[in-house]
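# Commentary on secondary and tertiary structure
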Amino acid sequence: MPYSEDRNTWFEGQGLWQHVPHSDWNDWTWQLKHRITSKEQLEKYMQLTPEEAAGCDHADKKLALAITPYFFNLIDRNDPDCPIRKQVVPRESEMTVSPGEMLDSLGEDSHSPVPGLVHRYPDRVLFLVTDRCAAYCRYCTRSRLVSNAQDYNFHPEYEQGLRYIEAHPEIRDVLLSGGDPLLLSDKKLEHLISRLRAIKHVEFIRIGSRIPVFLPQRITPELCEIFKKYGPIWMSIHVNHPRECTAELKAACERLSFAGVPLGNQSVLLKGVNDDADVMKALVHRLLRMRVRPYYLYQMDLITGGSHFKVDVRKGIEIIRALRGNTTGYAVPQYTIDAPGGGGKVPVNPDYVESIDDTEVVFRNFQGGTYRYPLKGALPGAAAKLPVEGAPIVVF
Ligand SMILES: *Cc1c(COP(=O)(O)O)cnc(C)c1O
Ligand code: SF4
């Protein structure tokens, strides 16, 4: 059955936590304190499938279990296949390691000049500033280090990282990530951001965060003031399914936008969550309505225990093909594979070009019709034949 949704409904309210005072509910520290972090707590609220129950028993060895009350409300507790549930409730299959899966599939540790800093691209660095998140995604690329369930003992070294950036004038772009940088206190964040802003060669500062999705209450006016003060600060949020787009997330995005933070979204293509063109279309439409520009759609990295989420790349390409031309251009994310072993992000696109030679390019449009664009006069060799001093002018 094709996915359908009521486009005018944005989930809001306290759901299962009606008894909690509104002021507590809206306090991000209350949400963190009341996270669901064990099988016993989960079972108080929902019936787990045997696969999930076994997954919870193992969670502390792989990636901790944590779900904020706010996000838990988005789960359909009567549906074992609920796309929200799959993202945060552990399953036993997480413990199965399939061929090709790796703990550090992107080779981040080997591209790390100082602890917590990944310098893979010439002009930008990934700065991992914490190993904690508000909730844990079962497909997390950095599950080796986040939540410290695998004894990775990640200790962010801000000073070392900052000094490395200061000493490398080629770094013009710093991406704060983790873990989730917005779990840091306002004071720590302001310290980090102000230090980065003071480095002359750092032109572009951005934050990768799923906090607006797991804990929109964290986007306080005080936090927004910091972004305003040191802006422009860009932010990539992480929404995978249209049901995550609630009234509260929308309001948090509005606060960020009004503080001058341009917003993008990074989704991970996940089996049974968003590997469907209708779901993806509903998601990107909701994102635009929240002032968020879909940025990347990632093929899932080859993390250990992730095979139950894996989607065929051809399916991803088909989803992008279904979007392009059929909806707003702003709504179409770039489908990307982060090359295993550390090759960096590589775009993967539907192929519209049928043939190309010196005379013409033949391509198909979004409806499958064939079109031609003549190339005569723009031959690859033409540049060399442009008039140069003393040379004869070649006329085609
Ligand atoms: C994704 C990533 C970046 C940022 O890449 P953009 O394409 O600029 O968004 C930077 N460094 C590392 C190591 C990354 O994985
Ligand atoms: S929020 Fe990001 S870093 Fe944290 S568990 Fe999810 S994917 Fe991993």
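Nothing here was measured: the structure is a model prediction, and the numbers come from that model.

Definitions and cut-offs
Residues numbered from 1 in each chain as written. Chains lettered and ligands numbered in written order. Predicted model: local features only at pLDDT ≥ 70, side-chain atom pairs only at ≥ 80, totals over all residues. Heavy atoms only, no water. Near = heavy atom within 4 Å. Nonpolar A, V, L, I, M, F, W, Y, C, P; charged D, E, K, R; others polar. Core = buried A, V, L, I, M, F, W, Y, C linked by side-chain atoms within 4.5 Å. Buried < 20%, exposed > 50% of the residue type's maximum accessible area, 1.4 Å probe, protein only. Domains from an automatic or database assignment. Salt bridge = Lys/Arg side-chain N within 4 Å of Asp/Glu carboxyl O. Helix = DSSP H or I, 4+ residues; strand = E, 2+ residues; numbered from the N terminus. Arc of directions from axis to C-beta. Contact = heavy atoms within 4.5 Å. Polar contact = N/O pair within 3.5 Å; in protein donor to acceptor, adjacent residues only side chain to side chain. Phe/Tyr/Trp six-rings, centres within 6.5 Å; stacked < 30°, edge-to-face > 60°. Lys NZ or Arg CZ within 6 Å of the ring centre and 35° of its normal. Pairing = 2+ DSSP bridges. Axes fitted to C-alpha atoms, helices over the stretch in contact; angles between N-to-C directions.

## Quick word on the site of ligand 2
- Surrounding ligand 2, one finds C133, Y136, C137, C140, G179, R210 and H238.
- When the residues that make up the shell around ligand 2 are grouped by side-chain class, the tally is 4 nonpolar, 2 polar and 1 charged.

## Here's the deal with the nonpolar core
- One finds L42, I165 and F227 to be the most contacted residues of the largest nonpolar core, which totals 94 residues.
- When residues of this core are assigned to domains, at least three fall in each of domain 1 (15-95) and domain 2 (109-347).
- Among the nonpolar cores identified, the runner-up in size contains 11 residues, and A66, V118, C133 and L145 belong to it.

## Brief notes about the pattern of salt bridges
- Considering all chains together, one arrives at 26 salt bridges under this definition.
- Note that D131 and R132 form a salt bridge whose closest N and O atoms lie 2.9 Å from each other.

## Digging into helix α13 (residues 313-323)
- Among the residues of α13, G316, I319, I320 and L323 are the ones counted as buried. The buried side chains of α13 occupy one side of the element, clustering within an arc of 95° when seen end-on.
- Buried-residue contacts for α13 involve β6 (263-269), α12 (277-289), β7 (292-299) and β8 (334-339).
- At the N-terminal boundary of α13, the capping side chain belongs to D312, with an oxygen 2.8 Å from the backbone nitrogen of R314.
- Count one or two residues on from α13 and you reach G325, which has phi positive near 85°.

## Observations regarding the packing of aromatic side chains
- The final tally for this structure, using the stated rule, is 10 aromatic pairs.
- Arranged with centres 6.1 Å apart and planes meeting at 35°, the rings of W17 and W25 form a pair that is tilted. Comparing W17 with W25, the two get one shared label, buried.
- Here Y296 and Y298 contribute two aromatic rings whose centre-to-centre distance is 5.2 Å and whose plane-to-plane angle is 45°, an arrangement assigned as tilted. Neither residue differs from the other here; Y296 and Y298 are each classed as buried.
- An aromatic cluster of at least three residues, connected via ring pairs, comprises W17, W25, W30, Y45 and F72.
- Cation over ring: R218 sits above W28, and NZ or CZ is 4.2 Å from the ring centre.

## Here we look at the sheet that holds strand β11 (residues 360-364)
- Reading across from one edge, β10-β11-β12 is the order of the 3 strands in this open sheet, with antiparallel pairing throughout. Unpaired on one side and paired on the other, β10 (353-356) and β12 (370-374) mark the two borders of the sheet. Taking the axes of each pair of neighbouring strands and ignoring which way they run, one obtains an average angle of 15° across the sheet.
- Of the pairings in the sheet, the one linking β10 to β11 comprises 3 bridges and is antiparallel in character. Looking across to β11, one finds that V353 is bridged to F363.

## As for the sheet that holds β7
- Ordered by their spatial adjacency, 9 strands build an open sheet running β1-β2-β3-β4-β5-β6-β7-β8-β9, and the pairing between neighbours is mixed. Whereas interior strands pair on both sides, the edge strands pair on one side only; in this sheet they are β1 (117-121) and β9 (344-347). Sheet twist, expressed as the mean angle between neighbouring strand axes with direction ignored, is 30°.
- Pairing of β1 with strand β2 (residues 124-128), which is carried by 3 bridges, proceeds in the antiparallel orientation. Counted as the bridge partner of L117 is F127 from β2.
- Lying on the sheet, α12 is in contact with β6 and β7; it crosses β7 at an angle near 145°.

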